[in-house]
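Fold and contact review
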Amino acid sequence: MPFATGVLDDLKARFGADDLLTSAEDLIPYSFDGTAALSAMPGCVVFVHTAEEIKAVLRIATRAKTPVVTRGSGTGLSGGSLPVPDCIVMCTARMNRILEVDRANLTMLVEPGVTTLAIAEAAAAADLFYPPDPGSMKISTIGGNVAENSGGLRGLKYGITRNYVMGLEVVLPDGEILFTGNKCVKDVAGYSLKDLFVGSEGTLGVITKVLLRLIPKPAAKRTMMATFNAMDAAAQTVSDIIAAKIIPCTLEFLDRTTLRCVEDFAKVGLPDCEALLLMETDGHPAQVADEAEQMVAIAKRNGCVEVRTAATEAEANALAGARRAAFSALARVSPTTILEDATVPRSELARMIRFVDQVAKKHRLRIGTFGHMGDGNLHPTFLTDERNHEEMERVHTAFREIFDEAIRLGGTITGEHGIGVAKKEFLPRFMGDAQMRVMRGLRKELDPHGILNPGKMFD
Ligand SMILES: Cc1cc2nc3c(=O)[nH]c(=O)nc-3n(C[C@H](O)[C@H](O)[C@H](O)COP(=O)(O)OP(=O)(O)OC[C@H]3O[C@@H](n4cnc5c(N)ncnc54)[C@H](O)[C@@H]3O)c2cc1C
């Protein structure tokens with residue numbers, strides 16, 4: 001449907017030129033997100049500052065049945081904030097105030113456009129800790145994190161965004177505003193509606209405030225790097241660490257392809273090896289010392305080539321930074337980088353990594369794999385070129401095989417990046433009829449005209 005002129009007139013009556021983009025050259029940066037090979041031109045982009053403004057946009061859109069795609073920073077990797085052609089892109093990035101840090105209740109109330117990093121820094125300034133740390137945390141917004149239920153490097157020990165959401169203010173598609181949740185540690189009144197909105201990918205409502213749980217800052221941390229000549233040995237090290245009842249805050253891996261790209265990009269002195277494990281433990285200093293010692297011993301028992309312990313915080317940050325740079329480093333190598341997040345139970349990790357390798361060989365594709373080994377969350381990253389249609393066909397076939405195998409091994413089609421448009425064809429098979437029916441019913445109830453992010457998650 002072409003963008004309705006009436007819609008633009010109504011928006012112009014409410015928003016100034018600074019907050020309403022309409023020219024083609026201004027719209028181009030909002031015609032894609034972090035997902036490779038997907039783009040569509042919106043009809044306009046509107047920057048909102050308050051829940052009342054969001055309500056006004058939704059009312060205008062509902063009247064004209066114009067789709068609205070909510071956007072944070074647009075770093076999503078499943079096409080969640082990709083525009084529907086001729087939609088209104090409603091950007092919440094300018095709603096970026098930290099409204100309250102409540103030290104008595106260990107909570108923080110923020111607007112949706114605050115970056116994850118700003119939240120972590122504000123928590124640290126109050127001597128507190130906000131653990132979720134997606135690789136994109138310098139720019140991703142908390143609204144996007146909640147809508148995608150994002151995870152990060154510390155997910156193994158500290159959990160993911162959902163575990164830190166205590167309350168949400170949401171504008172529903174009809175313009176009604178609700179607040180679900182509160183500062184109570186225990187609250188079992190009614191359905192847990194806030195959990196419905198976490199991970200809803202902008203399809204059920206627009207998040208306008210987030211009440212976050214904070215925790216005390218760990219007193220000590222130790223960061224180590226172990227290198228291996230075989231991926232299986234690294235995977236076995238992970239299994240043995242968990243079996244020894246150690247839950248490190250970070251247990252990440254990089255394969256050889258990724259390592260080479262990262263070293264070339266970040267120059268932190270990473271060795272050339274088959275697999276690298278980044279291991280981090282935090283907590284009470286005595287516990288940290290004990291766990292670090294055990295983890296080193298386990299890595300050595302599994303035949304690691306070398307274990308290096310970061311001597312200073314700067315060195316620790318450089319190692320963690322190298323892992324965070326994995327996607328950007330791989331993205332420099334080829335015109336198109338497609339990053340996936342197939343996830344399997346930890347026990348199946350080595351098998352899944354081997355499978356990804358076989359798929360790469362079988363389809364003559366270049367895949368760098370890294371990810372959250374402790375969570376079973378892999379990021380097979382295809383280094384390709386979207387202009388090469390024949391190769392893209394092979395990439396899509398390889399994806400299908402990888403997701404099929406993940407499901408067969410009891411895993412999931414996405415551990416953190418969401419469904420969006422990139423994985424919606426796999427969702428019905430993964431969820432089954434009953435779950436799909438309930439999800440569609442909820443969507444219909446909350447958004448009867450289907451104006452919020454249509455075509456995402458469902459067809
Ligand atoms: C280099 C890189 C590294 C990454 N690393 C990780 C990682 O480690 N872990 C991880 O989980 N993800 C990761 N991601 C993916 C991405 O950063 C996350 O999904 C992030 O949460 C998206 O935030 P955003 O502000 O960019 O949201 P956007 O991409 O703008 O939007 C994402 C989705 O949220 C919806 N949305 C945004 N704001 C709102 C709102 N206020 N109300 C309702 N819906 C809303 C959008 O409609 C869309 O469906 C990475 C991405 C990149 C580019």
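Let me sum up the structure you'll find in this document.

Here is what the cut-offs are and how they apply
Residues numbered from 1 in each chain as written. Predicted model: local features only at pLDDT ≥ 70, side-chain atom pairs only at ≥ 80, totals over all residues. Heavy atoms only, no water. Helix = DSSP H or I, 4+ residues; strand = E, 2+ residues; numbered from the N terminus. Rg over C-alpha atoms; globule rule 2.2 N^0.38 Å. Buried < 20%, exposed > 50% of the residue type's maximum accessible area, 1.4 Å probe, protein only. Areas by Shrake-Rupley, 256 points an atom, 1.4 Å probe, with all protein chains shown as cover. 1 Å grid on protein atoms, 1.4 Å probe; cavity = no way out; pocket = protein on both sides within 12 Å on 5 of 7 lines; lining within 4 Å. Points joined across faces, edges and corners; volume = space filled by probe spheres on them. Nonpolar A, V, L, I, M, F, W, Y, C, P; charged D, E, K, R; others polar. Salt bridge = Lys/Arg side-chain N within 4 Å of Asp/Glu carboxyl O. Near = heavy atom within 4 Å. Polar contact = N/O pair within 3.5 Å; in protein donor to acceptor, adjacent residues only side chain to side chain. Disulfide = S-S within 2.5 Å. Phe/Tyr/Trp six-rings, centres within 6.5 Å; stacked < 30°, edge-to-face > 60°. Pairing = 2+ DSSP bridges. Axes fitted to C-alpha atoms, helices over the stretch in contact; angles between N-to-C directions. Contact = heavy atoms within 4.5 Å.

As a further point, take the overall build of the chain. Helices and strands together make up the secondary structure of the chain, namely 16 helices and 18 strands. Here the chain has a C-alpha radius of gyration of 22 Å; the compact-globule value for 459 residues is 23 Å, and the two agree. Seen through its principal axes, the chain has C-alpha atoms that stretch 70 × 60 × 45 Å. By residue count, 56% of the 459 residues in the chain fall in the buried class. Entry remark: accessible area of the chain is about 19,300 Å², with carbon and sulfur atoms responsible for 52%.

Bringing the layout of surface pockets into the picture now. Taken as a whole, the second largest pocket holds about 590 Å³ of empty space. Those elements that place two or more of their residues in the lining of the second largest pocket are helix 7 (193-197), helix 15 (427-431) and helix 16 (433-446). Here the lining of the second largest pocket is built from residues that sort into 13 nonpolar, 9 polar and 6 charged.

As a further point, take the pattern of salt bridges. All told, the structure shown has 31 salt bridges when counted by the stated rule. Of the charged contacts in the structure, one is a salt bridge between K209 and E169, with a shortest N-O distance of 3.4 Å. Of this pair, K209 sits in strand 10 (residues 206-213) while E169 sits in strand 8 (residues 165-171), placing them 40 residues apart in sequence. For the salt bridge of D385 with R387, the shortest nitrogen-to-oxygen distance reads 2.9 Å. In this structure R387 comes out as exposed when scored by relative accessible area, which is 62%. Ionic contacts of the salt-bridge type, sharing partners, join the residues R256, R260, D272 and E274 into one network.

Time to look at the site of the ligand. With respect to spatial proximity, 33 residues lie near the ligand, and among them T70, T75, S136, T141 and S150 are the closest. In the environment of the ligand, an oxygen atom lies 2.6 Å from a nitrogen or oxygen atom belonging to the backbone of T70. Note that an oxygen atom of the ligand is positioned 2.8 Å from one of the side-chain N or O atoms of N145. For the ligand, the protein covers 95% of the area, taking 980 Å² as the surface of the free molecule. Elements represented by at least two residues in the shell around the ligand include exactly strand 3 (68-71), helix 5 (142-148) and strand 10. Among the elements that line the shell around the ligand, the one with the most residues is helix 5, at 5 residues.

Another aspect to go through is the state of the cysteines. In this structure the tally under the stated criterion is 0 disulfides. Cysteine C91 remains unbridged, with the sulfur of C44 as its closest cysteine sulfur at 12 Å. Residue class for C91 comes out buried when judged on its relative accessible area of 2%.

Using the criterion set out here, one finds 6 aromatic pairs in the structure. Ring geometry for Y30 and F47: centres 5.9 Å apart, planes at 80°, overall edge-to-face. With a gap of 17 residues between them, Y30 in the loop between helix 2 (24-27) and strand 2 (44-47) and F47 in strand 2 connect regions that are remote in the sequence. We classify F47 as buried; its relative accessible area is 5%. Ring plane angle 90° and centroid distance 5.3 Å describe the contact between F129 and Y158, whose orientation is recorded as edge-to-face. Of this pair, F129 sits in strand 7 (residues 128-129) while Y158 sits in helix 6 (residues 155-158), placing them 29 residues apart in sequence. The class of Y158 is buried, set by a relative accessible area of 14%.

Before going further, it helps to examine the sheet that holds strand 16 (residues 336-339). Pairing is antiparallel across the open sheet formed by 7 strands, whose spatial order is 15-12-14-13-17-18-16. Strands with a single pairing partner mark the edges of an open sheet, and in this sheet they are strand 15 (306-309) and strand 16. In this sheet, neighbouring strand axes are inclined to one another by 15° on average, regardless of whether the strands run parallel or antiparallel. Of the strand pairs in this sheet, strand 12 (residues 220-228) and strand 14 (residues 275-283) are connected by 9 bridges, and their pairing is antiparallel. When the bridges of strand 14 are listed, M224 appears paired with M279. Along the sheet, helix 9 (residues 256-266) contacts strand 13 (250-255), strand 14, strand 17 (367-372) and strand 18 (377-384); its crossing angle with strand 13, the most-contacted strand, is approximately 90°.

Before going further, it helps to examine the side chain of N377. Within the secondary structure, N377 is located in strand 18. The class of N377 is buried, set by a relative accessible area of 4%. Within the structure, N377 has its side chain in polar contact with the side chain of T343 (distance 3.0 Å). With near-sequence residues (within four places) excluded, N377 lies in contact with D341, A342, T343, L349, F370, G371, H372, G415 and E416.

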